[in-house]
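# Understanding the architecture of this molecule
So the chains spell out like this:
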Amino acid sequence: MLGLPNFPFVQLKVDHQYVTGCADQRLKQTVCRRIVELAHDSGAQVIAQGGETRADFLAAHEMDFDQVQGYLFGKPMGVKKFARSRTHFSEKEPIVLRHGA
């Protein structure tokens, strides 16, 4: 039987349906906390997709997600537009906000 210790992964992305609105919904918080716990116990990083509001970002941070993705930080864009947008930032500035950074 294949258990979590035998399943090699380094990152786990949690879909936006669980993350968006988690600041106000206890059930989503419970699910997210358990996912984070399981992933961290396996040595994996956990990425929250769907950080649409500041409240959800803060909730994800509180739940110990390693990274948060979502419209709060920027809308999806093509490669060329992304490259142009990065010229406004220094090379040392991170693209993604990370937990603890």
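As a starting point, this report considers the structure included with it. (Residues numbered from 1 in each chain as written. Predicted model: local features only at pLDDT ≥ 70, side-chain atom pairs only at ≥ 80, totals over all residues. Heavy atoms only, no water.)

### Quick notes on the packing of aromatic side chains
- Counted by the stated rule, this structure contains one aromatic pair.
- The ring of Y71 carries K75 above its face, with NZ or CZ at 4.5 Å from the centroid. (Phe/Tyr/Trp six-rings, centres within 6.5 Å; stacked < 30°, edge-to-face > 60°. Lys NZ or Arg CZ within 6 Å of the ring centre and 35° of its normal.)

### A short note on the pairing of strand β2 (residues 45-49)
- As paired strands, strand β1 (residues 11-14) and β2 are joined by four bridges and run parallel to one another. Note on β2: the bridge partner recorded for V14 is A48.
- Once you follow β2 into helix α3 (residues 54-62) and on to strand β3 (residues 67-69), the crossover reads as right-handed. (Pairing = 2+ DSSP bridges. Helix = DSSP H or I, 4+ residues; strand = E, 2+ residues; numbered from the N terminus. Right-handed = clockwise from strand over helix to strand, strands pointing away.)

### What to know about the pattern of salt bridges
- Applying the stated criterion across every chain yields a total of one salt bridge.
- We note a salt bridge from R34 to E37, for which the minimum N-O separation is 2.5 Å. You can see R34 and its partner E37 sitting in helix α2 (residues 26-41), three residues apart, about one turn around the helix.
- Classification of R34 by relative accessible area gives partly exposed; the value is 42%.
- In this structure E37 comes out as partly exposed when scored by relative accessible area, which is 42%. (Salt bridge = Lys/Arg side-chain N within 4 Å of Asp/Glu carboxyl O. Buried < 20%, exposed > 50% of the residue type's maximum accessible area, 1.4 Å probe, protein only.)

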